[in-house]
Amino acid sequence: MRNPIGAMRRRAELKAPRERLAGGSRRWIRASMNWLVNEFGREVLLRPIVVPGEFVPAGYDGSLAAAEELCARVAGRMDLPPGQCALSFGLVAEGIRPYRGILKEQSGRWIRGADGNEIQLAPALAADPVALVAIYAHELGHELLLGDARIFAHRPDHESLTDLLTVFYGLGIFTANAAYERRPRPNGRGKQSVARGYLREAALSEALAYYALLRGERRPDWDRHLDPPVRRVMRNQLAILHK
């Protein structure tokens, strides 16, 4: 018999931050976002936010060529110099197993190399432009933070900070909307939950609210592009911040 309470708890776990955030998510988000402003500049924070309908090219066909073009747009948005970090779609995820109906995917990987760093993406991402932008932006965050020696990999929250960087660069709608989904099982029997990222839906809602606050936005019109669960929490958090 299906246990609805157990299912709700598992869903809540999937939407909670994957890493421990010092001082709690709210305090960590404020301190970390302020650090990003100081590190990369307030001009980046104030750029128009990126919305899927405007950023993903019309007629996007899910091919690898289209995916590469979209990734080039992401790299431009995040100020990555051309040729700084190679891109390939040859990632083959290993050792990923469903657990209690939950699937944790590895769809992207940043690799430091002696002759240059590389980002590898799973070819299946090309079919999902929202997830593609979210995951590629995260991996580019590694290049900007780790590759440029702004932080070091032993930092316990470095993956969460990399997620937050995508929000700072105006790509948070993609990161939040790709963080959690229900996907049909390969055998066609029901659905399984898919978790991506490290901040996940709960903290990303808080991060987007603080992002809006720093931009001086009380009721941003871009929040309509967020999935409903993220939008509800983000609006509540923003109302609290403005009190």
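Shown above is the structure to which this text applies.
Values in this document were obtained by computation on a predicted structure and should not be read as measured data.

Some thoughts on the overall build of the chain
Regarding its fold elements, the chain presents 10 helices and 6 strands. The burial tally for the chain puts 51% of its 243 residues in the buried class. With an accessible surface of roughly 12,300 Å², the chain has 51% of that area assigned to carbon and sulfur atoms.

Description of the nonpolar core
Counting residues in each nonpolar core, the largest one holds 70 residues, and the members touching the most others are Phe168 and Trp222. Considering each element in turn, this core owes the most residues, 11 residues, to helix 6 (residues 129-147). Excluding anything up to four places from it in sequence, Phe168 contacts Met33, Leu36, Val37, Phe40, Gly41, Val44, Leu45 and Tyr211.

Concerning the sheet that holds strand 1 (residues 85-88)
Within a sheet, adjacent strands bond to each other through the backbone by hydrogen bonds, running parallel or antiparallel. Reading across the sheet, the 3 strands line up as 1-4-3 and stay open at both edges, with mixed pairing between neighbours. Looking at which strands have only one partner, the edges of the open sheet turn out to be strand 1 and strand 3 (108-111). Across the sheet, the axes of successive neighbouring strands diverge by a mean angle of 15°, strand direction being ignored. Pairing of strand 1 with strand 4 (residues 117-121), which is carried by 4 bridges, proceeds in the parallel orientation. Residue pairing for strand 4: Leu87 is matched across the bridge by Ile119. Contacts from helix 6 reach strand 1, strand 3 and strand 4, with the element oriented near 160° to strand 4.

Concerning the pattern of salt bridges
The tally for this structure, following the rule as stated, stands at 7 salt bridges. Note that Arg155 and Asp157 form a salt bridge whose closest N and O atoms lie 2.5 Å from each other. Here Asp157 falls in the buried class, since its relative accessible area comes to 10%. A salt bridge links Glu217 to Arg215; its shortest N-O distance comes to 3.0 Å. Just as Glu217 is buried, Arg215 falls in that class too. Residues joined in a network through salt bridges with shared partners are Glu39, Asp148 and Arg150.

Reading the values: the criteria
Here, residues in each chain are numbered from 1, in the same order as that chain's written sequence. Per-residue local features are limited, in this predicted model, to residues with pLDDT of at least 70; the limit for side-chain atom pairs, both in listing and counting, is 80 or more; totals at the level of whole chains, interfaces and linings are taken over all residues. Derived side-chain values reflect all non-hydrogen atoms in the structure, with water molecules and hydrogen atoms excluded from consideration. A run of H or I in DSSP becomes a helix once it reaches four residues, and a run of E becomes a strand once it reaches two; helices and strands are each numbered from the N terminus. Partly exposed residues are those whose accessible area sits between 20% and 50% of the maximum for their type, while under 20% is buried and over 50% is exposed, using a 1.4 Å probe and protein chains only. All accessible areas in this document rest on Shrake-Rupley with a 1.4 Å probe, and a residue is counted as covered only by the protein chains that are shown. Residues enter a nonpolar core if they are buried and are Ala, Val, Leu, Ile, Met, Phe, Trp, Tyr or Cys, with the set joined through side-chain atoms within 4.5 Å. We call two residues in contact when some of their heavy atoms are within 4.5 Å. Two strands qualify as a pair provided DSSP detects at least 2 bridges between them. Fitted lines through C-alpha atoms serve as axes, helices being fitted only where they are in contact, and the angles separating the N-to-C directions of these axes extend from 0 to 180 degrees. Each reported salt bridge corresponds to a side-chain nitrogen of Lys or Arg within 4 Å of a carboxyl oxygen of Asp or Glu.

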